[in-house]
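# Observations on the model geometry
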Amino acid sequence: MPPWTSDEADVDVVLKLHQRLHDVYPATDVDVVVVGIFHQVAELLVGVSAPVLYWEQGHEWVFGDPVRFQRQHNYLKQDKLFHMVLHLPVALASVSGAVASILSSEFGRSSLVIPNGVDCNRFFPGPRQAFVPTSILTSSPSQGDIQGAYCSVLLVGNPSLPLKGFDVAITALAAINQVLPLSITWVAQTQPTTAMCPPLANCGLRIALHINPSQDDLPGLYRGHDVFLFTSRYEAWGMPVLEAMASGVAVVSSKCLGVQSFAVHGVNALLADPQ
(Lines give C-alpha, C1' and ligand atoms only; values in the text may rest on other atoms or scores of the structure.)
Protein backbone atom coordinates (compact mmCIF):
# COMPACT_ATOMS: atom_id res chain seq x y z
CA MET A 1 0.00 0.00 0.00
CA PRO A 2 1.27 3.53 -0.73
CA PRO A 3 2.22 5.44 2.43
CA TRP A 4 -0.48 8.09 2.01
CA THR A 5 -3.50 5.75 2.05
CA SER A 6 -5.48 4.95 5.18
CA ASP A 7 -6.56 1.59 3.72
CA GLU A 8 -5.04 -1.54 5.17
CA ALA A 9 -5.05 -5.10 3.85
CA ASP A 10 -6.58 -7.68 6.16
CA VAL A 11 -4.34 -10.36 4.67
CA ASP A 12 -1.15 -9.81 2.69
CA VAL A 13 -0.02 -12.88 0.74
CA VAL A 14 3.17 -13.15 -1.31
CA LEU A 15 3.41 -15.91 -3.91
CA LYS A 16 6.73 -17.36 -4.94
CA LEU A 17 7.26 -18.03 -8.63
CA HIS A 18 6.45 -21.74 -8.35
CA GLN A 19 3.33 -21.22 -6.22
CA ARG A 20 -0.34 -20.66 -6.97
CA LEU A 21 -2.87 -18.89 -4.78
CA HIS A 22 -4.38 -22.11 -3.42
CA ASP A 23 -0.90 -23.10 -2.15
CA VAL A 24 -0.85 -20.24 0.38
CA TYR A 25 -4.45 -19.10 0.83
CA PRO A 26 -7.87 -20.81 1.02
CA ALA A 27 -8.97 -19.93 -2.51
CA THR A 28 -12.48 -21.28 -1.84
CA ASP A 29 -13.04 -18.34 0.53
CA VAL A 30 -12.55 -15.79 -2.26
CA ASP A 31 -15.74 -14.06 -3.50
CA VAL A 32 -14.24 -12.07 -6.36
CA VAL A 33 -10.79 -11.58 -7.90
CA VAL A 34 -9.71 -8.18 -9.25
CA VAL A 35 -6.70 -8.35 -11.56
CA GLY A 36 -4.71 -5.28 -12.59
CA ILE A 37 -2.37 -6.76 -15.21
CA PHE A 38 -3.24 -9.28 -17.90
CA HIS A 39 -0.37 -11.66 -17.06
CA GLN A 40 -2.30 -12.86 -13.99
CA VAL A 41 -5.72 -13.42 -15.55
CA ALA A 42 -5.34 -16.98 -16.88
CA GLU A 43 -3.64 -18.23 -13.71
CA LEU A 44 -6.35 -16.90 -11.40
CA LEU A 45 -9.18 -17.86 -13.71
CA VAL A 46 -8.06 -21.48 -13.45
CA GLY A 47 -6.98 -21.42 -9.81
CA VAL A 48 -9.98 -19.70 -8.21
CA SER A 49 -13.66 -20.59 -8.66
CA ALA A 50 -14.82 -17.00 -7.96
CA PRO A 51 -15.53 -14.57 -10.85
CA VAL A 52 -12.53 -12.62 -12.13
CA LEU A 53 -12.60 -8.93 -13.08
CA TYR A 54 -9.70 -7.62 -15.19
CA TRP A 55 -9.28 -3.82 -14.99
CA GLU A 56 -7.48 -2.64 -18.14
CA GLN A 57 -5.33 0.41 -17.34
CA GLY A 58 -3.27 0.55 -20.53
CA HIS A 59 0.05 -0.75 -21.85
CA GLU A 60 1.93 -1.19 -25.11
CA TRP A 61 -0.12 -4.22 -26.17
CA VAL A 62 -3.57 -2.70 -25.86
CA PHE A 63 -2.48 0.35 -27.88
CA GLY A 64 -0.85 -1.67 -30.67
CA ASP A 65 2.65 -0.27 -30.13
CA PRO A 66 5.02 -1.88 -32.69
CA VAL A 67 7.30 -2.81 -29.78
CA ARG A 68 4.90 -5.68 -29.09
CA PHE A 69 6.32 -7.59 -32.08
CA GLN A 70 9.84 -7.65 -30.65
CA ARG A 71 11.06 -10.99 -29.39
CA GLN A 72 13.33 -9.19 -26.93
CA HIS A 73 11.99 -9.23 -23.35
CA ASN A 74 9.34 -11.74 -24.55
CA TYR A 75 7.26 -8.88 -25.95
CA LEU A 76 5.87 -11.04 -28.78
CA LYS A 77 4.90 -13.80 -26.35
CA GLN A 78 3.23 -11.24 -24.11
CA ASP A 79 1.28 -9.93 -27.10
CA LYS A 80 -0.01 -13.44 -27.81
CA LEU A 81 -0.89 -13.85 -24.13
CA PHE A 82 -2.81 -10.56 -24.10
CA HIS A 83 -4.86 -11.57 -27.14
CA MET A 84 -5.60 -14.93 -25.53
CA VAL A 85 -6.70 -13.32 -22.26
CA LEU A 86 -9.17 -11.02 -24.03
CA HIS A 87 -10.99 -14.10 -25.33
CA LEU A 88 -11.30 -15.75 -21.91
CA PRO A 89 -14.55 -15.65 -19.87
CA VAL A 90 -13.45 -12.79 -17.63
CA ALA A 91 -15.34 -9.60 -16.80
CA LEU A 92 -13.65 -6.44 -18.09
CA ALA A 93 -13.34 -2.89 -16.83
CA SER A 94 -11.52 0.02 -18.52
CA VAL A 95 -9.85 3.02 -16.97
CA SER A 96 -11.20 5.36 -19.70
CA GLY A 97 -13.57 5.56 -22.61
CA ALA A 98 -10.56 5.45 -24.92
CA VAL A 99 -9.55 2.03 -23.60
CA ALA A 100 -13.15 0.80 -23.63
CA SER A 101 -13.38 1.81 -27.30
CA ILE A 102 -10.23 -0.18 -28.16
CA LEU A 103 -11.48 -3.29 -26.36
CA SER A 104 -14.80 -2.96 -28.20
CA SER A 105 -13.42 -2.37 -31.69
CA GLU A 106 -10.43 -4.73 -31.55
CA PHE A 107 -11.85 -7.59 -29.45
CA GLY A 108 -15.62 -7.16 -29.51
CA ARG A 109 -15.64 -6.90 -25.72
CA SER A 110 -17.72 -4.50 -23.66
CA SER A 111 -16.28 -3.14 -20.42
CA LEU A 112 -17.34 -1.04 -17.47
CA VAL A 113 -15.47 2.28 -17.31
CA ILE A 114 -13.90 2.80 -13.86
CA PRO A 115 -11.92 6.06 -14.11
CA ASN A 116 -8.97 7.10 -12.03
CA GLY A 117 -9.25 9.98 -9.60
CA VAL A 118 -7.02 12.35 -7.70
CA ASP A 119 -6.95 13.08 -3.97
CA CYS A 120 -7.46 16.85 -3.71
CA ASN A 121 -6.54 16.73 -0.04
CA ARG A 122 -3.00 15.98 -1.23
CA PHE A 123 -2.84 17.64 -4.65
CA PHE A 124 -3.91 21.28 -4.41
CA PRO A 125 -2.63 24.71 -5.57
CA GLY A 126 0.03 26.47 -3.58
CA PRO A 127 3.35 28.28 -3.75
CA ARG A 128 6.50 26.70 -5.09
CA GLN A 129 8.21 24.53 -2.49
CA ALA A 130 11.94 24.18 -2.05
CA PHE A 131 13.06 20.61 -2.73
CA VAL A 132 16.73 19.77 -3.09
CA PRO A 133 17.12 18.08 -6.48
CA THR A 134 18.77 14.71 -6.83
CA SER A 135 21.08 16.28 -9.43
CA ILE A 136 21.30 19.06 -12.00
CA LEU A 137 21.48 18.01 -15.64
CA THR A 138 23.21 20.41 -18.03
CA SER A 139 24.15 19.86 -21.63
CA SER A 140 26.30 21.42 -24.30
CA PRO A 141 26.13 24.25 -25.11
CA SER A 142 26.33 24.91 -21.39
CA GLN A 143 23.94 27.31 -19.80
CA GLY A 144 24.69 29.22 -16.66
CA ASP A 145 22.21 30.12 -13.98
CA ILE A 146 19.21 31.83 -15.50
CA GLN A 147 19.02 35.49 -14.57
CA GLY A 148 15.83 37.48 -14.28
CA ALA A 149 12.35 36.32 -15.18
CA TYR A 150 11.88 32.76 -16.33
CA CYS A 151 9.11 30.26 -16.86
CA SER A 152 9.16 27.16 -14.69
CA VAL A 153 8.22 23.96 -16.54
CA LEU A 154 7.53 20.60 -14.92
CA LEU A 155 8.04 17.18 -16.53
CA VAL A 156 6.91 13.97 -14.83
CA GLY A 157 7.53 10.46 -16.11
CA ASN A 158 9.88 7.62 -16.91
CA PRO A 159 12.54 8.59 -19.49
CA SER A 160 13.21 4.93 -20.35
CA LEU A 161 9.73 4.52 -21.90
CA PRO A 162 9.66 5.77 -25.53
CA LEU A 163 5.88 6.09 -25.39
CA LYS A 164 6.30 9.05 -22.99
CA GLY A 165 7.76 11.19 -25.80
CA PHE A 166 10.41 12.98 -23.77
CA ASP A 167 12.48 13.43 -26.94
CA VAL A 168 9.66 15.68 -28.18
CA ALA A 169 9.46 17.50 -24.84
CA ILE A 170 13.18 18.29 -24.70
CA THR A 171 13.31 19.37 -28.36
CA ALA A 172 10.36 21.73 -27.87
CA LEU A 173 11.72 23.18 -24.63
CA ALA A 174 15.16 23.75 -26.18
CA ALA A 175 13.56 25.80 -28.96
CA ILE A 176 11.43 27.82 -26.54
CA ASN A 177 14.45 28.44 -24.31
CA GLN A 178 16.05 30.43 -27.11
CA VAL A 179 13.41 33.16 -26.76
CA LEU A 180 11.98 32.59 -23.27
CA PRO A 181 14.31 31.52 -20.43
CA LEU A 182 13.10 28.30 -18.87
CA SER A 183 13.64 26.57 -15.55
CA ILE A 184 13.00 22.84 -15.97
CA THR A 185 12.12 20.37 -13.21
CA TRP A 186 11.91 16.68 -14.14
CA VAL A 187 10.44 14.14 -11.72
CA ALA A 188 11.46 10.71 -13.00
CA GLN A 189 11.71 7.11 -11.89
CA THR A 190 15.23 6.76 -13.34
CA GLN A 191 18.09 9.06 -14.34
CA PRO A 192 17.56 10.34 -17.91
CA THR A 193 20.42 9.61 -20.33
CA THR A 194 21.15 10.57 -23.92
CA ALA A 195 20.57 6.92 -24.86
CA MET A 196 17.01 7.22 -23.58
CA CYS A 197 16.49 10.76 -24.90
CA PRO A 198 19.03 11.81 -27.58
CA PRO A 199 18.02 15.53 -27.62
CA LEU A 200 19.49 15.85 -24.11
CA ALA A 201 23.00 15.87 -25.63
CA ASN A 202 22.80 19.40 -27.06
CA CYS A 203 19.60 20.89 -25.75
CA GLY A 204 21.26 23.70 -23.77
CA LEU A 205 18.78 23.27 -20.93
CA ARG A 206 19.43 23.24 -17.22
CA ILE A 207 17.22 20.57 -15.66
CA ALA A 208 16.71 19.92 -11.95
CA LEU A 209 16.17 16.17 -11.57
CA HIS A 210 14.17 14.55 -8.79
CA ILE A 211 14.69 10.80 -9.12
CA ASN A 212 12.10 8.48 -7.61
CA PRO A 213 10.83 10.84 -4.88
CA SER A 214 8.56 9.54 -2.14
CA GLN A 215 4.80 9.58 -2.60
CA ASP A 216 4.64 11.99 0.32
CA ASP A 217 6.87 14.52 -1.50
CA LEU A 218 5.23 14.18 -4.90
CA PRO A 219 2.33 16.64 -4.41
CA GLY A 220 4.72 19.36 -3.25
CA LEU A 221 6.90 18.88 -6.32
CA TYR A 222 3.95 19.81 -8.55
CA ARG A 223 2.99 23.05 -6.82
CA GLY A 224 4.01 26.50 -8.01
CA HIS A 225 5.18 25.67 -11.54
CA ASP A 226 3.97 27.79 -14.43
CA VAL A 227 3.44 24.94 -16.88
CA PHE A 228 3.22 21.17 -16.85
CA LEU A 229 4.30 19.59 -20.16
CA PHE A 230 3.09 16.10 -21.10
CA THR A 231 4.14 14.59 -24.42
CA SER A 232 3.04 10.93 -24.33
CA ARG A 233 2.29 9.29 -27.66
CA TYR A 234 -0.57 7.39 -26.04
CA GLU A 235 -1.99 6.95 -22.55
CA ALA A 236 -4.90 5.03 -21.07
CA TRP A 237 -5.42 7.86 -18.57
CA GLY A 238 -2.42 10.13 -17.94
CA MET A 239 -2.41 10.47 -14.15
CA PRO A 240 0.32 13.18 -14.00
CA VAL A 241 -1.89 15.50 -16.07
CA LEU A 242 -4.75 15.19 -13.58
CA GLU A 243 -2.34 15.68 -10.67
CA ALA A 244 -0.98 18.85 -12.30
CA MET A 245 -4.49 20.21 -12.84
CA ALA A 246 -5.40 19.55 -9.22
CA SER A 247 -2.20 21.38 -8.23
CA GLY A 248 -3.25 24.49 -10.16
CA VAL A 249 -0.55 24.13 -12.83
CA ALA A 250 -1.35 25.07 -16.43
CA VAL A 251 -1.23 21.99 -18.69
CA VAL A 252 0.16 21.59 -22.19
CA SER A 253 -0.38 18.02 -23.34
CA SER A 254 -0.54 15.78 -26.35
CA LYS A 255 -3.91 14.40 -27.42
CA CYS A 256 -2.99 10.95 -26.16
CA LEU A 257 -6.42 9.33 -25.92
CA GLY A 258 -7.00 8.80 -22.20
CA VAL A 259 -6.01 12.37 -21.30
CA GLN A 260 -8.97 13.60 -23.33
CA SER A 261 -11.26 11.99 -20.75
CA PHE A 262 -10.78 15.11 -18.64
CA ALA A 263 -8.61 17.57 -20.62
CA VAL A 264 -10.42 19.85 -23.09
CA HIS A 265 -8.41 22.02 -25.47
CA GLY A 266 -8.81 25.70 -24.75
CA VAL A 267 -10.89 25.04 -21.63
CA ASN A 268 -8.61 23.49 -19.03
CA ALA A 269 -5.54 22.61 -21.12
CA LEU A 270 -3.75 23.23 -24.40
CA LEU A 271 -3.66 20.03 -26.47
CA ALA A 272 -1.66 19.20 -29.59
CA ASP A 273 -1.23 16.10 -31.73
CA PRO A 274 1.41 13.64 -30.45
CA GLN A 275 4.96 14.31 -31.64
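Each residue is numbered by its place in its chain's sequence as written, counting from 1. Reporting of local features is limited, given that this is a predicted model, to residues whose pLDDT is at least 70; pairs of side-chain atoms are given and counted only at 80 or more, and all residues count toward the totals for whole chains, interfaces and linings. Just so you know, side-chain values use all the structure's heavy atoms and leave hydrogens and water out.

Per an unreviewed UniProt entry, the protein chain carries the name Glycosyltransferase and comes from Apatococcus fuscideae.

### Considerations on the overall build of the protein chain
Going along the chain from the N terminus, every DSSP run of H or I of four or more residues is numbered as a helix, and every run of E of two or more is numbered as a strand. A tally of helices and strands in the protein chain yields 7 helices and 11 strands. Here's how the labels work: a residue is buried when its accessible area is under 20% of the maximum for its type, exposed when over 50%, partly exposed in between, all with a 1.4 Å probe on protein chains only. Within the span of the protein chain, comprising 275 residues, buried residues form 43% of the whole. A contact between two residues is defined here by any heavy atoms of the two lying within 4.5 Å. By sequence separation, contacts in the protein chain at least 24 residues apart represent 59% of the contacts at least 6 residues apart. When the accessible area of the protein chain is evaluated, it comes to approximately 14,700 Å², of which 55% is carbon and sulfur surface. Using the Shrake-Rupley algorithm and a 1.4 Å probe, accessible areas are obtained, with residue cover drawn only from the displayed protein chains.

### Digging into the sheet that holds strand β2 (residues 52-56)
By this definition, two strands are paired if DSSP reports at least two bridges between them. Taken in spatial order, the 4 strands of this open sheet run β1-β2-β3-β4, and their pairing is parallel. Both outer strands of the open sheet, β1 (33-35) and β4 (112-113), are each paired with one neighbouring strand and no more. Where β2 lies against strand β3 (residues 91-94), 4 bridges are found, and the strand directions are parallel. Bridge pairing in β3 places Trp-55 opposite Ala-93. The axes used here are C-alpha line fits, helices contributing only the stretch in contact, and every angle between their N-to-C directions lies in the interval 0 to 180 degrees. Sheet strands touched by helix α4 (residues 97-107): β2, β3 and β4. Its angle to β3, the strand with the most contacts, is close to 140°.

### Examining the sheet that holds strand β5 (residues 135-138)
Strand order across the open sheet formed by 7 strands is β5-β8-β7-β6-β9-β10-β11, with mixed pairing between neighbours. Two strands in the sheet have a free side with no partner beyond their single neighbour: β5 and β11 (270-272). Neighbouring strand axes in the sheet, compared pairwise and without regard to direction, differ in orientation by 25° on average. Two strands pair when backbone bridges link them, and strand β10 (residues 250-254) and β11 are joined in this way by 3 bridges, in the parallel orientation. For Ser-253, the partnering residue across the bridge sits in β11 and is Leu-271.

### Side note on the pattern of salt bridges
Salt bridges are identified by distance alone: a Lys or Arg side-chain nitrogen within 4 Å of an Asp or Glu carboxyl oxygen. Under the defined criterion, the tally for this structure stands at 4 salt bridges. A salt bridge links Arg-233 to Asp-167; the shortest N-O distance between them is 3.1 Å. Of the two residues, Arg-233 is situated in the loop between β9 (227-230) and α7 (239-246) and Asp-167 in helix α5 (residues 166-177); the sequence distance between them amounts to 66 residues. Asp-167 gets classed as partly exposed once you look at its relative accessible area, which sits at 29%.

### Details of the side chain of Ser-254
With respect to the helices and strands, the residue Ser-254 is situated in strand β10. Using a relative accessible area of 4% as the deciding quantity, one classes Ser-254 as buried. What Ser-254 contacts, discounting residues up to four positions off in sequence, is Phe-230, Thr-231, Ser-232, Val-259, Leu-271, Ala-272 and Pro-274.

### With respect to α5
In this analysis, the expected span of each helix is defined as 1.5 Å times one less than the number of residues it contains. With 12 residues, α5 extends 16 Å between its outermost C-alpha atoms, agreeing within 8% with the 16 Å of an ideal straight helix rising 1.5 Å per residue. Turning to α5, its buried residues number three or more, namely Phe-166, Ala-169, Ile-170, Leu-173, Ala-174 and Asn-177. Buried residues of α5, viewed axially, fall in a sector of 125°; they line one side. Buried residues along α5 sit in contact with β6 (151-156), β7 (182-188), β8 (206-211) and β9. Note: the arc covers the axis-to-C-beta directions of the helix.

### Examining the layout of surface pockets
If a probe the size of a water molecule is rolled over the atoms, the empty space left behind becomes visible. Quantified by volume, the largest pocket comes out at close to 1,100 Å³. Cavities and pockets were defined on a 1 Å grid built over protein atoms only: a cavity is a set of grid points that admits a 1.4 Å probe from which the probe cannot escape, a pocket is an open set flanked by protein on both sides within 12 Å along at least five of seven lines, and lining residues are those with an atom within 4 Å of any such point. Lining the largest pocket are 42 residues, and of these Lys-164, Gln-189, Glu-235, Met-239 and Pro-240 sit closest to its centre. Of all the secondary-structure elements, those providing two or more residues to the lining of the largest pocket are β7, α6 (218-222), β9 and α7. By residue class, the composition of the lining of the largest pocket is 21 nonpolar, 15 polar and 6 charged. Grid points are joined across faces, edges and corners, and a volume is the space filled by probe spheres set on the points. The space that makes up the second largest pocket amounts to roughly 480 Å³. Here the nonpolar group is Ala, Val, Leu, Ile, Met, Phe, Trp, Tyr, Cys and Pro; Asp, Glu, Lys and Arg are the charged ones; every other residue, Gly included, is treated as polar.

### Some details on the nonpolar core
Ranked by internal contacts, the top residues of the largest apolar core, which has 52 residues, are Val-48, Tyr-54, Phe-82, Tyr-222 and Phe-228. Setting aside its immediate chain neighbours within four residues, Phe-82 contacts Phe-38, Tyr-54, Glu-56, His-59, Trp-61, Val-62 and Phe-107. Judged by nonpolar contacts, the second largest core, of 21 residues, contains Phe-166, Cys-203, Ile-207 and Val-227. We define a nonpolar core as any set of buried Ala, Val, Leu, Ile, Met, Phe, Trp, Tyr and Cys residues linked to one another through side-chain atoms lying within 4.5 Å.

### Looking at a nonpolar patch on the surface
A cluster of nonpolar side chains, contributed by Val-11, Val-13, Leu-15 and Val-24, occupies part of the molecular surface with about 270 Å² of accessible area. Looking at the element boundaries, Val-24 is found in helix α1 (residues 21-24). Grouping into patches uses exposed residues only, defined as over 30% relative accessible area, and leaves out salt-bridged ones; the cut-off is 9 Å for like charges and 5 Å for nonpolar side chains (Val, Leu, Ile, Met, Phe, Trp, Tyr).

### Describing the state of the cysteines
Throughout, a disulfide means two cysteine sulfur atoms within 2.5 Å of one another. As enumerated under the stated definition, the model contains 0 disulfides in all. Free of any disulfide, Cys-151 has its nearest cysteine sulfur in Cys-203, 16 Å distant.

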